[in-house]
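Chain by chain, the residues:
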Amino acid sequence: MKRLGLGLAILLIGASALAGMRARYGGELRVVVPALPQAQDPAQLTSSSDLLSARLLFGTLWTQAPDGALSPSLAAAVPEPEASGRFFRIRLRPGLRFQDGTPVTAREVISSLSRLADPKLESPYSALVLPLVGVSSSTGKIGGLKAGGELEVQASLAFAYPDWPRALAHPAASIVLDKGQRPLRGTGPFVLRVDGPSTVRYEAFPDCPTGRPFADSLSMTLGDSRSAGRQLALSAAELTTVSLAEKGGTEGPALQASYLALNPAKLGAQAAPVRQAFEAALEVGDLTRFFVRGPASPMYGLLPPALDPASSAPRARPASPQLPAGMELTLLVESGDENHRAVAERMQVKLHDLGLALKISRLPRPAFRKAVAGGAYELALVSVMAIPEAGMALAQLVSLALGREAAREELRTIGGGADAAARKALALARAEQLLPRLPLLPLYAQASRVLARPGVAGIGFDASGAPSLADGWLSDPPRVRAAGEKP
Amino acid sequence: MRLRTKLVLVALVSTLPFVVALPWALRAVQRAFDAELNSRLAGAERAAQASAADLSDKVGRALSKLAVDPAVEDLVRSLHDAKLDRGELAQSGTAARLMALMELDALEILDDQGRILASGHLPGRAGDLDGDGVELASRQPGRPVPRRIDIAAANGFAPALAMLAALPVDYGATRIYLVGGRTFGQAWAERLKELTGAAIAVLDGERELARTEAIELPRQAKIPVGELGSVVVELSDQAVRRTKSQIARVALGLWLAALGAALALAVILARRISRPVDALAQGARALAQGSLGHQVAVSSSGEIDELVRAFNAMSSDLRSATDRAVVAERVAAWQGVARRLAHEIKNPLTPIRMSVETLVAAHRAGRSDFDEIFRESAQAVLEEVERLRRIVDEFSQFARLPKPTLAPLELAELAGSVLALYSSPPEGIRIDRELGEGLQVEADRDQLWQVLINLLTNAIQAMPQGGRVLLRAVSLGEGSAALEVADQGPGIAAENRARLFEPYFTTKEGGTGLGLAIALRIAQEHGGTLEEIGLEGGGRGARFRLTLPRAR
């Protein structure tokens, strides 16, 4: 193990030597991931693997770099706010086509954004379209989105929200072709070929509007830290997003935020003392340090530290409350999430010390999501892929905890700020005010980290925290074997 | 008490010793099983003590080995060189792997301050302080001691009783503590159960931490685990009780079977003995009722067979003797009848002879009054001849009395119709009646009519100066009824009483002496009797009672 780690470190150091080389086409990027993507639908992505896959399959109107800069992608340009930030005119680039050849028009843009409000999809990103006029909570239709021609979408907002285009850079707002069949068609650099139980395989989409990816194909396989490290060291994989003990690699912004959701409807009068018990028993810093694998930051405020730096500052913990004797609660955890499992076990131990028996119930993702959406839980560990715009990120949480109307009101308040800095300050202030009111106890925010073997270059992250694998290339693409040649 | 009952009682009593002996036998079985169970319990207790000691030894050995294991050495060095973050150590699963490797149930890796860097048995404890581990390592390094711990379980926590040991491991200035142990848990209890066959429970005070099985009626041995708890070894008394119960059931079944067999045997014996005796008793009754020559047809053996044979021989002899006596009596009777008949016939012959001699003498003498003498003599001869004819007719009637034709007959109705003939009785005679209703007999109406006429005529003739005749129809119980005719005449003289029903015996002028003899015979032909029973209260007069069996 030690030898393997040393070898891996040397290899990772060697990767920097590629800087300055000219990118090459060809080869396959083999990526070892801790969990395979489960939702091949941008409106429903809830994990870093989902985010990664969404970036491969689908394209957005524009993208946002980690420094905040927006670059047009499917849109001809990033729209400027009109009518005091209540109207946006989105123009598409001509000649765009989905992976099946269908042209990309204003109609697909409108339907893709409307999907976020569709109650059947229960998208955790509905906040993205809440500023628009006429968002129907029953059908998901949005009156504020109109086609101004084949390639123009006119978006009317109910209130000023000048930062709306920034939010639409998130992969959740990808443009998709939804004809009722699965998988959905997108305009991303890769096409889904195999969606198996242990491997997901993608092939390059040569006519991608943003340009053909460097690699011919990309595969994702499931692995743990041992197998991922070994495969990288042996060049059996090019990349991994699995958390390894070794330092190095490229790290994105920590925007995958985890919260303890308390259901007041189930807890009743005990909601407040239970929350206080958790706050008293858990030191979020220790929790993150000892029980969360991979790059993560403790989160003391509602928003991840990447959006609100003050959120990383520890706060005084309340005293332990008096809980009813023999109290027993059930904590819902999504199975397959090892970090949440470890955190749940820690909670179990610490709450046990306070006399509260915590039963852990693990559910597969569909059942977990259904239980949380339906309010069928007492406590749940939920994960939110935060939109890298403070106001929208807060609206995401408010929508999750209090509903869309409350979220819309938050957006209305925040959108009233004079400029971007003022709006962000407003969002952070509201987050601080809402912290004790929302039934969400912030825990930590995770980032994705990509480790690559030597010979792999070009890997970066966008503002949403998704690695840009389409930009990755191999300096030594494997030679194509002749027919009959043994490997 | 009947013989059959006596035999059954004897059979019952004969099985009583078995019943008395059963509890004693069961107590003996109980003592034997108790001794066996106590011996097994002592063995199981020794095995449990040895297993607990072995568990403690294994903890000490495992921790000593772990302290010098290269993996632990690497770990301490990595911490010392800051190559390994404490959080990474907690998340790496190292403690769980080492715990499994050393076959421990609990393992914690503590830093020099006692903070848990990693826990194999309760990963959620990482980051917490374990002061006891440090103290244990300082005070009794490597020596297992009993401790209460919590371990991860399917539903959160499970308390456990464990033997824990702690050791410090140093690398330069970096020190860690290894705290490891094995629990007296369910797996240990199950292994001990397999070894001893006993139920095993682990108690923390009164709280049950592990148990292999719940058994009924346990017999226990307790092995203390320090002052914290105990291991309880249990063997069930149930098997002993079940066996005892089974023996009791089998014995009871045997007793019941023996009782049943004895009863059946008694009944069979009783039937074989009592049936011939009953048959003999019935035979004796039949004999007494006149069924002479009655034979008892029962197959038997031994003394009973001899008795039956003797009875049958006696019955046959009695019939023969009776038949002979009847024949002799009949001969004697007919001799008497012949004598009486000759006498009766001879009596008229003398006047006839004398009349005829008178006529012959008068004719020879040429008497002038011969016609007168002839007429008187002829009259006398005719009267005597008429008397002879009547004697012969009655005798003929007596001798030819037909068999009665039986039919249901109401006595009151018969008596009423006979009394209708006496609606105008002779002067001075009064005929009274007391006729009970519903007295029905099986009888020949004409013959009973004749008997009743005969008795009423005798009664009236017995009172030439007049008097009262009483005709009664009375019940003599369920089996028979009677007609009684009583008069107020002179009664029956004592010297005549014995000959009253003898043919040709009469005290009446001109009587044939056959009336009562015929009446008696009719009564006998009907299975009844006719007797003179005298008046009630011993008054003057006679009373005849015709007794007949009642119709069924």
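Conventions used here
Residues numbered from 1 in each chain as written. Chains lettered and ligands numbered in written order. Predicted model: local features only at pLDDT ≥ 70, side-chain atom pairs only at ≥ 80, totals over all residues. Heavy atoms only, no water. Helix = DSSP H or I, 4+ residues; strand = E, 2+ residues; numbered from the N terminus. Buried < 20%, exposed > 50% of the residue type's maximum accessible area, 1.4 Å probe, protein only. Areas by Shrake-Rupley, 256 points an atom, 1.4 Å probe, with all protein chains shown as cover. Contact = heavy atoms within 4.5 Å. Phe/Tyr/Trp six-rings, centres within 6.5 Å; stacked < 30°, edge-to-face > 60°. Pairing = 2+ DSSP bridges. Axes fitted to C-alpha atoms, helices over the stretch in contact; angles between N-to-C directions. Salt bridge = Lys/Arg side-chain N within 4 Å of Asp/Glu carboxyl O. Buried area = accessible area lost by both parts, 1.4 Å probe. pLDDT = per-residue confidence, 0-100. Polar contact = N/O pair within 3.5 Å; in protein donor to acceptor, adjacent residues only side chain to side chain.

Chemist: Got a minute to help me understand the overall build of chain A in this structure?
Modeler: Assigned secondary structure in chain A consists of 13 helices and 20 strands. Looking at chain A as a whole, 55% of its 487 residues are labelled buried. Total accessible area on chain A is roughly 19600 Å²; 53% of this is exposed by carbon and sulfur atoms.

Chemist: So what exactly am I meant to see when it comes to the overall build of chain B here?
Modeler: The helix and strand tally for chain B stands at 14 helices and 16 strands. Evaluated residue by residue, chain B yields a buried proportion of 41% over its 552 residues. Taking contacts inside chain B between residues at least 6 apart in sequence as the whole, the part at least 24 apart equals 63%. Carbon and sulfur atoms provide 55% of the accessible area of chain B, an area that totals close to 30100 Å².

Chemist: Teacher, can you tell me more about the packing of aromatic side chains here?
Modeler: Two aromatic rings are characterised by how far apart their centres lie and by the angle between their planes. Residue and element names in this part refer to chain A. All told, the structure shown has 6 aromatic pairs over all chains when counted by the stated rule. Consider the rings of F88 and W164, whose centres lie 5.8 Å apart with planes at 45 degrees: the pair is tilted. You can see F88 sitting in strand β4 (residues 87–91) and its partner W164 sitting in helix α4 (residues 164–167), a full 76 residues away along the chain. Taken individually, F88 and W164 each receive the classification buried, so the pair is uniform in this respect.

Chemist: Help me out: how do you make sense of the sheet that holds strand β7 (residues 207–211) of chain B in this one?
Modeler: Strand pairing within a sheet occurs via backbone hydrogen bonds; the two strands may be parallel or antiparallel. Residue and element names in this part refer to chain B. Read from one edge of the open sheet, 4 strands run β7-β6-β9-β8, paired in antiparallel fashion. One side of each edge strand has no neighbouring strand; the edge strands of this open sheet are β7 and β8 (218–225). Neighbour to neighbour, the strand axes of the sheet diverge by 25 degrees on average, direction disregarded. Sheet topology note: the β8/strand β9 (residues 229–236) ladder contains 8 bridges and is antiparallel. Following the sheet pairing, K222 is matched in β9 by V232. Against the sheet, helix α2 (residues 16–67) makes contact with β8 and β9, and its axis sits at roughly 20 degrees relative to β8, the strand it touches most. Its contacts with the sheet place helix α7 (residues 186–196) against β6 (199–204), β7 and β9, and it is angled at close to 145 degrees to β6.

Chemist: How should the pattern of salt bridges be read in this particular structure?
Modeler: Close approach of charged atoms allows side chains with opposite charge to pair. Under the criterion given, the structure shown has 59 salt bridges over all chains. The shortest N-O distance in the salt bridge between D128 of chain B and R125 of chain B comes to 3.0 Å. Each member of the pair, D128 of chain B together with R125 of chain B, is buried. Of the charged contacts in the structure, one is a salt bridge between R497 of chain B and E532 of chain B, with a shortest N-O distance of 2.3 Å. A residue pair is termed long-range when its members are at least 10 positions apart, and R497 of chain B in helix α13 (residues 494–497) and E532 of chain B in strand β15 (residues 529–532) qualify at 35 residues. On the basis of relative accessibility, which here comes to 39%, the residue R497 of chain B falls in the partly exposed class. The buried category is assigned to E532 of chain B, whose relative accessible area is 12%. Among the charged side chains, a salt-bridge network with shared partners connects R346, K350 and D353 of chain A together with R125 and D128 of chain B.

Chemist: Sorry, what's going on with the interface of chain B and chain A here?
Modeler: Often the size quoted for an interface is simply the accessible area lost on bringing the parts together. Chain B puts 22 residues into the contact, and the matching count from chain A is 18 residues. At the boundary of chain B with chain A, total buried surface from both sides reaches about 1700 Å², with 45% on carbon and sulfur atoms. Looking only at chain B, the three residues that lose the most surface to chain A are Q91, G124 and F157 of chain B, adding up to 32% of its buried area. Taken together, the connections running from chain B to chain A amount to 4 salt bridges. Between D286 of chain A and R115 of chain B there is a salt bridge, and its shortest N-O distance comes to 3.7 Å. Breaking the side of chain B that touches chain A down by element, the ones donating at least two residues are α4 (86–92), β2 (116–119) and β4 (156–171) of chain B.

Chemist: Would you take a moment to explain the pairing of β9 of chain B for this structure?
Modeler: In regular strands, side chains alternate between the two faces of the sheet. Residues and elements named next belong to chain B. Where burial is concerned, most of β9 is hidden: 8 out of the 8 residues are buried. In β9, alternate side chains face the same way, and those of G229, V231, V233 and L235 on one face and S230, V232, E234 and S236 on the other are all buried. Here β6 pairs with β9 via 6 bridges, running antiparallel. Paired with V202 across the bridge in β9 is V231. Hairpin geometry of β8 and β9 is characterised by an intervening segment of 3 residues between the two adjacent antiparallel strands and by a positive phi of about 55 degrees at G226.

Chemist: Would you mind going over the confidence of the model for chain B with me for this structure?
Modeler: Residues and elements named next belong to chain B. Scored by pLDDT, chain B comes out at a mean of 86, with 98% of its residues at no less than 70. For chain B, helix α1 (residues 3–14) is the element with the lowest average pLDDT, namely 77, and strand β1 (residues 106–110) is the one with the highest, namely 94. With pTM at 0.66, the complex prediction returns an ipTM value of 0.79.

Chemist: Help me understand the sheet that holds β2 of chain B, please; the structure alone is not making it clear to me.
Modeler: Residue and element names in this part refer to chain B. On the basis of which strands lie adjacent, the open sheet formed by 5 strands has the order β2-β1-β5-β4-β3 and antiparallel pairing. Looking along the sheet, the strands with just one partner apiece sit at the ends: β2 and β3 (145–153). When strand polarity is set aside, the average angle formed by the axes of neighbouring strands in this sheet is 35 degrees. Where β1 and β2 come together, 3 bridges link them in antiparallel fashion. When the bridges of β2 are listed, E108 appears paired with S119. This element, helix α3 (residues 70–80), spans β1, β2, β4 and β5 (174–183) of the sheet and lies at about 140 degrees to β5.

Chemist: Quick question: what am I supposed to make of the environment of S475 of chain A here?
Modeler: The topology assignment puts S475 of chain A in the segment after β20 (473–474). Separated by 18 residues in the primary sequence, S475 of chain A and A457 of chain A have C-alpha atoms spaced 7.5 Å apart.

Chemist: In this structure, what is going on with the side chain of D432 of chain B? I would like to understand it.
Modeler: Residue and element names in this part refer to chain B. Considering the arrangement of structural elements, one finds D432 in strand β11 (residues 429–435). A polar contact of 2.6 Å, which involves the side chain of D432, links it to the side chain of R430. A distance of 2.3 Å separates polar atoms of two side chains, one belonging to D432 and the other to R468.

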